There are 2 protein chains.
Amino acid sequence: MKVKSLDRSPSLPEEIVASLTSALHAGELRPGDRLPSEQALANEFGVARTVVREAISQLKYDGVVQSRVGVGAFIAQPQERTAFRISPACFQKRKELLKLLRLRNGVVIEFAADAALARSKRDIARMEAILKEMREAIADSEHGAERHFEAERQLIHVIAKMADNEHALNFIVMIDGQIAEKLRSVAVKNTKATELAAVAIEEQARLVEAIKHGDPVAARDKARKHYDNAARRLADRADLADV
Amino acid sequence: MKVKSLDRSPSLPEEIVASLTSALHAGELRPGDRLPSEQALANEFGVARTVVREAISQLKYDGVVQSRVGVGAFIAQPQERTAFRISPACFQKRKELLKLLRLRNGVVIEFAADAALARSKRDIARMEAILKEMREAIADSEHGAERHFEAERQLIHVIAKMADNEHALNFIVMIDGQIAEKLRSVAVKNTKATELAAVAIEEQARLVEAIKHGDPVAARDKARKHYDNAARRLADRADLADV
DNA sequence: AATATCAGGTTGTCAGACAACTGGTGACCA
DNA sequence: TGGTCACCAGTTGTCTGACAACCTGATATT
């Protein structure tokens, strides 16, 4: 029905980028090193120069390489990078996934305090609607787990939006979007939903309450309690696949 | 001497990326919209199709657009993005810079606690050497401010490294590298160094102490005190240029 | 010995071509 | 009339070859 044909034959530039970044990650390419010329890479990979150029242009976009006309392309210093990127490889290992989750949670926790300071009535109404949706989801034996999962995400997004820092918002949305895709199936499957969800909802209700009261310290505290617990509950689950 | 010829004539693909992203940021392009065909864009911008392709390949790399053979290229949903990027435009406004600083500080504060849990003797020695460098820098009337600035950055990097989360480390190094370039001149110029620096060093010494004792709560607390204060001191400075 | 010139290599850009693929149109047929 | 199918124009992905601008190092010249 929804097989969706996950062919995904990776494009040539993608493969070259992957090859170069893995070489970089493996230490075969180090900051300051000069890349082979575009023509040489094209020959090596058996593709046209345009393909190599597209690959290198992506690396340049991230500040991972810098090129000088007439000279060549060079691996830049780590501090020169202009993008934080999540590669598919990050999700291969369970550990990596949990570390990304930790990073997302850390930012959310920190900015929950800012949210408490900048809250508006609209925001509060929004959050309470989300809590209501969570509570209703418990009764939904069919899609309840999925609804709860999505509601949790929405709460995070609302908090991030409240904090009045678009960079933090972008960051949270980006990470969350990436890990959510991987976590959804785990969160939905095999969930002995109700009792765990009830605890989680209580935690989040306290967080919302703190934000509502405009108490940044309490908001941070409640946020930490919930998101640390949520991460622990997830880590304890045996069915979080490790490839 | 070190003028270094900042010519920086932006490349054609760069300009097109900038044009498209600004159109996207301005709401002229919205998620789900279809981009003009590569040939149409090439005509519009007066460049070759290869240039347009390099630009779009960069956008695809970030998950900002997705393309399908035979159909076209489309603006993706925000949750689809795979990269958090700092564009040069972020530094034009003083406010943006402070928000980026807030984001960096938030992550550092949060992971200072993790650092306290995962500290090693090597790390502690490293941190104490950095504190020593800061204290010595006070006496250096010529390069003291710059030395202090760099030492503060190194302390952040060491803490990030300690926390055993390479994603957080990457993120901090990236953001810090970007804002440092913009802050260094401000931090160094017109610094009535000694008295402010002494306060900052004391704050950081307490942070190091907390990490040394393996106390995550104290580490987080001290980190928050220092980095919030540092941000406030910076924001209070009148010479932080606003373009 | 110091300087000017040149040749080769490298990146940036251009132009044109073709394959694979998609969506819709219109012809054809039952 | 209604459904099926071949076809066509448009699009992306890739390839090829070319040239300009530029840099480096070697060579020739003074």
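Per-chain numbering applies: the sequence of each chain, read as written, is numbered from 1 onward. As they are written, the chains are lettered A onward and the ligands numbered 1 onward, keeping that order. Where totals are concerned, whole chains, interfaces and linings use all residues; where local detail is concerned, this predicted model gives features only for residues with pLDDT of at least 70, and gives and counts side-chain atom pairs only at 80 or more. Only hydrogens and water are set aside; all other atoms, that is, all heavy atoms of the structure, feed into the side-chain values.

A. Representation of the protein's contact with DNA strand C in the model. Neighbouring residues of DNA strand C: 25 residues in total, closest A:Glu38, A:Arg49, A:Arg53, A:Ser67 and B:Ala48. Nearness is defined per residue: one heavy atom within 4 Å of the molecule or strand is enough. When the atoms of DNA strand C within 4 Å of the protein are grouped by moiety, sugar and phosphate amount to 68% of the total. The contact in question runs from a base nitrogen of DNA strand C to an N or O atom on the side chain of B:Arg49, over 3.4 Å. Here the surface near DNA strand C is composed, by residue class, of ten nonpolar, eight polar and seven charged. Any pair of nitrogen or oxygen atoms within 3.5 Å is treated as a polar contact; in protein, a donor-acceptor pairing is required on top of that, and neighbouring residues in sequence qualify only through side-chain atoms on both sides. Throughout this entry, Asp, Glu, Lys and Arg are counted as charged residues, while Ala, Val, Leu, Ile, Met, Phe, Trp, Tyr, Cys and Pro are counted as nonpolar. The remaining residues, Gly among them, count as polar.

B. Spatial organisation of the interface of chain B and chain A. Contacts between the two partners involve 44 residues from chain B, matched on the other side by 45 residues from chain A. We define buried area as the total accessible area lost by two parts upon association, computed with a 1.4 Å probe and summed across both. Summed over both sides, the interface between chain B and chain A buries roughly 4,100 Å², with carbon and sulfur atoms accounting for 51% of that surface. In terms of surface lost to chain A, no three residues of chain B exceed B:Tyr61, B:Phe84 and B:His167, which account for 18% of the buried area on that side. Counted as salt bridges are all cases of a side-chain nitrogen of Lys or Arg within 4 Å of a carboxyl oxygen of Asp or Glu. Inspection of the chain B/chain A interface yields 14 salt bridges. A salt bridge links B:Arg53 to A:Glu54, with the nearest nitrogen and oxygen atoms 2.8 Å apart. Viewed at the interface, chain A and chain B are joined by 28 residue pairs in polar contact (both at pLDDT 80 or more). The helix and strand labels rest on DSSP assignments: H or I over at least four residues marks a helix, E over at least two residues marks a strand, and numbering proceeds from the N terminus. Elements supplying a minimum of two residues to the side of chain B that touches chain A: helix H3 (49-61), strand E3 (83-85), helix H4 (94-118), helix H7 (166-188) and helix H9 (216-236) of chain B. Here the side of chain B that touches chain A is built from residues that sort into 17 nonpolar, eleven polar and 16 charged. Contact definition: two residues touch when any of their heavy atoms are within 4.5 Å.

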